[in-house]
Amino acid sequence: MKINAFGVEEWLNVWENDAIYDIAGSSIASMTLEEILELNPADKENLLNELLQKKMNYGWIEGSPEFKKEVAKLYQTVKPSQILQTNGATGANFLALYSLIEPGDHVISLYPTYQQLYDIPRSFGADVSLWKIREEDNWLPSLDDLRQLIKPNTKMICINNANNPTGAVMDRVFLEELVSIADQVGAYIVSDEVYKPLEDNIDVPAIVDLYDKGISTNSLSKTYSVPGVRVGWIVSNDQLADIFRKYRDYTMICAGVFDDLITTHVLKHKEFVLKRNHDIVSRNLKIVKDWVANEPRVSLIFPRHVSTSFIKLDIPEETESFCIRLLKEKGVLLVPGNRFDMPGYARLGYCTHTETLQKGLEKLSEFLREFD
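The name given to the protein in an unreviewed UniProt entry is Aminotransferase, with the source organism recorded as Streptococcus pluranimalium.

What follows is the structure, encoded as structure tokens:
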């Protein structure tokens, strides 16, 4: 089995620790353990005591009943039996692909997007067609293009909704048409849903709530600001969940008992977390909009209150070279667009802590002035 290097992760592994102003990530400003404990101050001592008394055994193999109960609340029609805990959403995506894709299968993947969704099927020997997003359509792909790509033997369609790196969102109307197209050939839809749009009055259902062969993956890493616990989940119909259980035994025994407990606590108090993060996204997106309006060498199709964005750079230099010099000279970290096969762009993770964003954008503008 051969697989391409994971472009974004390879970049971050090399350069992330050198950053003074990290505006490359796609999580909403990570919470400290203290902030997590303060989500319910009245219960803080009980939670600490529970952590201290926790036996360091394997815990619940599929995730604790309390964890599954809280995850089920995120969906409309999901039962705990349909939920399996995974090692982040990356583990959930891998589990779906590992369980279902065989050599010769036809897979359609959104592109560019999270690289797992097209390169892992390729590594398994699948025939992968790329469903390309369009800048002129606010970074959404065309459903007419999908109709041209789909085949009678298409086994799976992979999407990332909202999209990484652009922050574009497929709403209910779009998703319902997508389901209609997939259902014509009985294709599964795997939807990586780690980026919940925090825009008011936008209807973005989980794919598992729309389609019997829909598979939703998610985690605490992006919208819920706790990447450090490395907990995610996969949600599907009961028949698929039984298939995933078998394959999961080969990839993951369990999450850590502390991770399960903290994840469950965060999900129990998700309204507080989402309010905090709604405020961060709204405040920081306004800062970015004002900055773009005054930065002649940058343009941006603004994300739908999603924690990632994809700026277009008007510079006479190769993107990765530019980003390396920017980091070395100004301490500012972006992800160059060529890591998504999109040179001339860069991922701007604007939902970092506000002070970091402001200073990073100031330094980025200073650096761009050398091209004037």
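Back to the write-up after that little detour.
This paragraph deals with the nonpolar core. Among the nonpolar cores identified, the biggest contains 90 residues, and Trp131, Leu178 and Phe322 are the most heavily contacted of them. Here the element with the most residues in this core is helix α11 (residues 270–293); it accounts for eight residues. Mapping this core onto the domain boundaries places at least three of its residues in each of domain 1 (7–32 + 271–367) and domain 2 (57–269). Each residue touching Phe322, except ones within four places of it in the same chain, is listed here: Leu313, Ile315, Glu317, Leu364, Phe367, Leu368 and Phe371. Formed by 23 residues, the second largest nonpolar core is a distinct cluster that contains Ala96, Val107, Tyr111 and Ile234.

Turning our attention to the environment of Leu261. Among the secondary structure elements, Leu261 is positioned in helix α10 (residues 257–268). Overall, the relative accessible area of 10% leaves Leu261 in the buried class. Along the sequence, Leu261 and Lys54 sit 207 residues apart, while their C-alpha atoms lie 9.4 Å from each other. Leave out the neighbours within four places in its chain, and Leu261 touches Leu47, Glu50, Leu51 and Lys54.

Another point: empty space enclosed by the protein. Summed over all chains, the structure comprises one cavity of 30 Å³ or more. Considered as a void within the structure, the largest cavity measures approximately 30 Å³ in volume. Considering the residues around the largest cavity, the lining is formed by Leu110, Trp139, Leu140, Pro141, Asn160, Asn161, Asn163, Ala168, Val169 and Met170. Considering only residue class, the lining of the largest cavity consists of seven nonpolar, three polar and no charged.

On to the sheet that holds strand β3 (residues 106–111), then. If you trace the eight strands from one edge of the open sheet to the other, you get β2-β9-β8-β7-β6-β3-β4-β5, paired in mixed fashion. The strands lining the two open edges of the sheet, one partner per strand, are β2 (83–86) and β5 (140–141). The sheet strands contacting helix α8 (residues 172–183) are β4 (127–134), β5, β6 (154–160) and β7 (188–192), and the helix crosses β6 at an angle near 165°.

Along the chain, His353 turns up in the loop between β14 (345–348) and α13 (354–368). If near-sequence neighbours (up to four positions away) are discounted, His353 is found in contact with Ala29, Ser30, Arg276 and Asn284.

Our focus in this paragraph is helix α5 (residues 88–100). Over its 13 residues, α5 runs 19 Å from end to end, which matches the ideal 18 Å to within 8%, given 1.5 Å per residue. Listed in full, the buried residues belonging to α5 are Gly88, Ala89, Ala92, Asn93, Leu95, Ala96, Leu97, Ser99 and Leu100.

Another point: the layout of surface pockets. By volume, the largest pocket amounts to about 680 Å³. Forming the walls of the largest pocket are 35 residues, and the residues nearest its centre are Gly25, Ser26, Ser27, Lys222 and Pro227. At the level of elements, α1 (7–15) and α5 are the ones that each hand at least two residues to the lining of the largest pocket. Per element, the largest residue contribution to the lining of the largest pocket is three residues, and it comes from α1. Tallied by class, residues from the lining of the largest pocket come to 13 nonpolar, 14 polar and eight charged. Of the residues that make up the lining of the largest pocket, three or more belong to each of domain 1 (7–32 + 271–367) and domain 2 (57–269).

Once that is clear, we can look at the side chain of Arg297. Tracing the backbone shows Arg297 in the loop between α11 and β10 (298–299). With a relative accessible area of 17%, Arg297 lands in the buried category. A distance of 2.6 Å separates a polar side-chain atom of Arg297 from the backbone oxygen of Asp314. A distance of 2.5 Å separates a polar atom in the side chain of Arg297 from the backbone oxygen of Phe371.

When the UniProt feature table is mapped onto this chain numbering, "domain: Aminotransferase class I/classII large" (unreviewed entry) sits at residues 49–363. Each end of residues 49–363 is marked by a C-alpha atom, and these two atoms are 45 Å apart; helix forms 39% of the span and strand 18%.

This part covers the sheet that holds β14. Read from one edge of the open sheet, four strands run β10-β11-β14-β13, paired in antiparallel fashion. A single partner strand is all that each edge strand has here, and the edge strands are β10 and β13 (335–336). As defined by bridge partners, β13 adjoins β14 across two bridges and the pair is classed as antiparallel. By the bridge assignment, Pro336 is partnered in β14 with Ala346.

With an omega dihedral of -10°, the bond running from Tyr111 to Pro112 counts as a cis peptide bond. Cis peptide bonds are those with omega within 30 degrees of zero, and the linkage from Asn161 to Ala162 qualifies with 5°. Within the secondary structure, Ala162 is located in the loop between β6 and α8. The phi torsion at Ser225 lies on the positive side, around 65°, for a residue other than glycine. Note that Ser225 resides in the loop between β8 (214–219) and β9 (232–235). Of note in the backbone geometry, His305 takes a positive phi value of approximately 50° without being a glycine.

Criteria and thresholds
Positions within a chain are numbered from 1, following the residues in the order the chain's sequence is written. In keeping with the predicted nature of the model, local features appear solely for residues at pLDDT of at least 70, side-chain atom pairs appear and are counted solely at 80 or more, and the whole-chain, interface and lining totals rest on all residues. Water and hydrogen atoms were dropped before computing side-chain values, which therefore reflect all heavy atoms in the structure. Buried Ala, Val, Leu, Ile, Met, Phe, Trp, Tyr and Cys residues form a nonpolar core when they are joined through side-chain atoms within 4.5 Å. Only protein chains enter the accessibility calculation, which uses a 1.4 Å probe. A residue is then buried if its area is under 20% of the maximum for its type, exposed if over 50%, and partly exposed in between. Secondary structure elements are defined from DSSP: runs of H or I of at least 4 residues count as helices, runs of E of at least 2 residues count as strands, and each element is numbered from the N terminus. In this entry, domain limits derive from an automatic or database-based domain assignment. Note on contacts: a residue pair is in contact if any heavy atoms of the two residues lie within 4.5 Å. Buriedness of a pocket was judged along seven lines, with at least five required to meet protein on both sides within 12 Å; pockets are open sets of points on a 1 Å grid over the protein atoms alone, cavities are sets where a 1.4 Å probe fits but cannot get out, and lining residues have an atom within 4 Å of a point. Grid points are joined across faces, edges and corners, and a volume is the space filled by probe spheres set on the points. Residue polarity follows a fixed list, in which Ala, Val, Leu, Ile, Met, Phe, Trp, Tyr, Cys and Pro are nonpolar, Asp, Glu, Lys and Arg are charged, and the others, Gly among them, are polar. Two strands qualify as a pair provided DSSP detects at least 2 bridges between them. Note on definitions: angles span 0 to 180 degrees between N-to-C directions of axes, and those axes are lines fitted to C-alpha atoms, for helices only across the stretch in contact. Given a helix with a known number of residues, its expected span is that number minus one, times 1.5 Å. Here a polar contact is taken to be a pair of N or O atoms separated by no more than 3.5 Å, where protein atoms must pair a possible hydrogen donor with a possible acceptor and residues adjacent in sequence count only if both atoms sit in side chains. UniProt positions are given in the numbering used here, feature names are shortened, and annotations may be inferred rather than shown by experiment.

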